[in-house]
Amino acid sequence: MNNIKDLYIDNSLIGSHQGHTLFDDVYIEHNSLPEINLADIDTTTEFMGSNFSFPLIISSMIGGTERGLEINEILVNIAQDLNIPIELGSQQENIASDEQSKLYLSEIDDDLEKNVFILSNLSAKASEEDVKIAMDQVKANALSLYINAAQEAVSFDHEADFEGVLANIEKLVSVYGDKVLVKEKAMGMSQETVKKLVSAGVNYIDLSGYGGTNFIEIENLRNYRNDFSDMYGWGIPTAKSILNARVVSQDVKIIASGGIKTSMDIIKALILGADYVAVAGELLRYLVHGGYDHAKAYLEGLIKKTKILMFLLGARNLEELKRVPYKLTGKLKEISE
Ligand SMILES: Cc1cc2nc3c(=O)[nH]c(=O)nc-3n(C[C@H](O)[C@H](O)[C@H](O)COP(=O)(O)O)c2cc1C
């Protein structure tokens, strides 16, 4: 299993299929007279009861291997430096192993962990007992549960049993309340899915849409029995997923992820109605190629440029940004009517 985790890192880096988030189909207009000062732009936000500098989450990716530990140490340091939350990689397969459960966060980072908001990550099928063990193992502040029907269905070593998953989510929400986030794994969410999660009591939903990391491709690259490359186009684009979610509820907290790479992606996700964005694959690429400095500079650049875009839209804070008008064009308009 743990070689597989390292393989996911490699496969996500070599994957070559280009999907589309459809953020290109969101049109917003420059404001020549913003009547505000760039220095006054405020991006602070609240997430699960804590305050953060910017509505960005480091998405679930890694842990459970020596290489994963090395990467997580860098990511956790960056999360602390930028005052943003971080989700660890899935602990699902490693709960039973003391050795492997230590390969998520370094023990010498005890002080650091206290200052960083950490989410444990498990399958939405996880039992209450496993969730407790996993959260204790990494002293997590909150819980992230993934639903990955597509990934399991195309892998050769999973059964893709998804009966009863919603009821399990509902049970875990009754225990952990607003400290639970439910996420896809890069296939996006329909209105129906969001509706079901909201009625199960879920208050934080990460849409993890189509257009960035392609999990069917990642699985296919390690599958020597079948070829699933004709399914690489499967999934709901991230921009459409946000619109889907907002039709269902104005109150549920929406995290937009899946192909978030640039400040323009971030600004459009927030204008469409996301409360936060999350980044996985692109950040990993910067980290693998240039380590801590490169990855941190990438995120700092995203934050700086998003603030400039807010300034150029005349939006002083995230509330005002949500009220910025936009128009849908092209395919996004067509599928949203
Ligand atoms: C190498 C890698 C490993 C991942 N592992 C997990 C995981 O263990 N649990 C999970 O919920 N999502 C996992 N994801 C999915 C991401 O959290 C995210 O939802 C998805 O990649 C879409 O974001 P992106 O396009 O920015 O990569 C992983 C992604 C990558 C690239």
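Residues numbered from 1 in each chain as written. Predicted model: local features only at pLDDT ≥ 70, side-chain atom pairs only at ≥ 80, totals over all residues. Heavy atoms only, no water.

A. Region of the structure containing the overall build of the chain. In terms of helices and strands, the chain carries 14 helices and 12 strands. Computed over the C-alpha atoms, the radius of gyration of the chain is 19 Å, within 12% of the 20 Å expected from 2.2 N^0.38 for a compact globule of 337 residues. With the principal axes as the frame, the chain shows a C-alpha extent of 60 × 45 × 40 Å. For the chain, the proportion of its 337 residues judged to be buried stands at 55%. (Helix = DSSP H or I, 4+ residues; strand = E, 2+ residues; numbered from the N terminus. Rg over C-alpha atoms; globule rule 2.2 N^0.38 Å. Buried < 20%, exposed > 50% of the residue type's maximum accessible area, 1.4 Å probe, protein only.)

B. Examining the site of the ligand more closely. With respect to spatial proximity, 21 residues lie near the ligand, and among them Ser60, Ser208, Thr213, Gly259 and Gly281 are the closest. Between the ligand and Ser208, the relevant distance is 2.7 Å, taken from an oxygen atom to a side-chain nitrogen or oxygen of the residue. Here Thr213 contributes a side-chain N or O atom positioned 2.4 Å from an oxygen atom of the ligand. In isolation the ligand exposes 600 Å². Once the protein is present, 98% of that is buried. (Near = heavy atom within 4 Å. Polar contact = N/O pair within 3.5 Å; in protein donor to acceptor, adjacent residues only side chain to side chain. Areas by Shrake-Rupley, 256 points an atom, 1.4 Å probe, with all protein chains shown as cover.)

C. Fine view of the layout of surface pockets. Here the second largest pocket defines a volume of roughly 390 Å³. In terms of lining residues, the second largest pocket is bounded by 19 residues, among which Ile147, Ala149, Phe162, Glu184 and Thr193 are the most central. Of all elements in the fold, only α6 (149–154), α7 (165–176) and α8 (191–199) reach the threshold of two or more residues within the lining of the second largest pocket. Residue classes in the lining of the second largest pocket are distributed as 12 nonpolar, 5 polar and 2 charged. (1 Å grid on protein atoms, 1.4 Å probe; cavity = no way out; pocket = protein on both sides within 12 Å on 5 of 7 lines; lining within 4 Å. Points joined across faces, edges and corners; volume = space filled by probe spheres on them. Nonpolar A, V, L, I, M, F, W, Y, C, P; charged D, E, K, R; others polar.)

D. Quick look at unusual backbone geometry. Look at Leu22: it is not a glycine, yet its phi comes out positive at around 70 degrees. With respect to the helices and strands, Leu22 occurs in the loop between α1 (2–14) and β1 (26–27). Residue Leu22 is classed as buried on the basis of its relative accessible area of 10%. Positive phi is not limited to glycine here, since Ala160 has a value of about 55 degrees. Position of Ala160 relative to the elements: it lies in the loop between α6 and α7. With a relative accessible area of 29%, Ala160 lands in the partly exposed category.

E. Local environment of the pattern of salt bridges. Under the definition given, this model contains 12 salt bridges. Note that Arg67 is salt-bridged to Asp10, the shortest N-O span being 2.9 Å. Placement of Arg67 in helix α2 (residues 66–82) and of Asp10 in helix α1 is noted, with a sequence separation of 57 residues between them. Salt-bridge contacts for Glu282 lead to Arg285; the nearest nitrogen and oxygen are separated by 2.7 Å. Of this pair, Glu282 and Arg285 both sit in helix α12 (residues 281–313), separated by 3 residues, roughly a single helical turn. We classify Glu282 as buried; its relative accessible area is 18%. Look at the salt bridges and you will find they share partners, linking Asp81, Lys296 and Glu300 into a network. (Salt bridge = Lys/Arg side-chain N within 4 Å of Asp/Glu carboxyl O.)

F. Representation of the environment of Asn244. Along the chain, Asn244 falls in helix α10 (residues 238–248). Look at Asn244 and you get buried, because its relative accessible area is 5%. Between the alpha carbons of Asn244 and Lys195 there is a distance of 9.6 Å; along the sequence they are 49 residues apart. Asn244 has contacts with Met189, Ser190, Gln191 and Ile236, leaving out every residue within four places of it along the chain. (Contact = heavy atoms within 4.5 Å.)

G. Broad picture of the packing of α8 against α10. Relative orientation of the contacting elements α8 and α10 amounts to 45 degrees, with a least axis distance of 8 Å. Taken together, the axis directions place α8 and α10 in an arrangement best described as oblique. Pair α8 / α10 crosses with right-handed handedness. Counted together, Gln191, Val194, Lys195 and Val198 of α8 and Asn244, Ala245, Val247 and Val248 of α10 form the full contact between these two elements. Considered class by class, the residues forming the contact of α8 with α10 number 5 nonpolar, 2 polar and 1 charged. (Axes fitted to C-alpha atoms, helices over the stretch in contact; angles between N-to-C directions. Parallel < 35°, antiparallel > 145°, perpendicular 65-115°, else oblique. Left-handed = near helix turned anticlockwise from the far one by under 90°.)

H. Representation of the pairing of strand β8 (residues 180–183) in the model. Of the two faces of β8, the one carrying Val180 and Val182 and the one carrying Leu181 and Lys183 are both buried. Summarising the sheet, strand β7 (residues 142–146) and β8 pair through 4 bridges and their orientation is parallel. Bridge assignment links Ser144 to a residue of β8, and that residue is Leu181. Here β8 pairs with strand β9 (residues 204–206) via 3 bridges, running parallel. Within β9, the residue paired with Leu181 across the bridge is Tyr204. Viewed along the sheet, the connection from β8 through α8 into β9 turns out right-handed. (Pairing = 2+ DSSP bridges. Right-handed = clockwise from strand over helix to strand, strands pointing away.)

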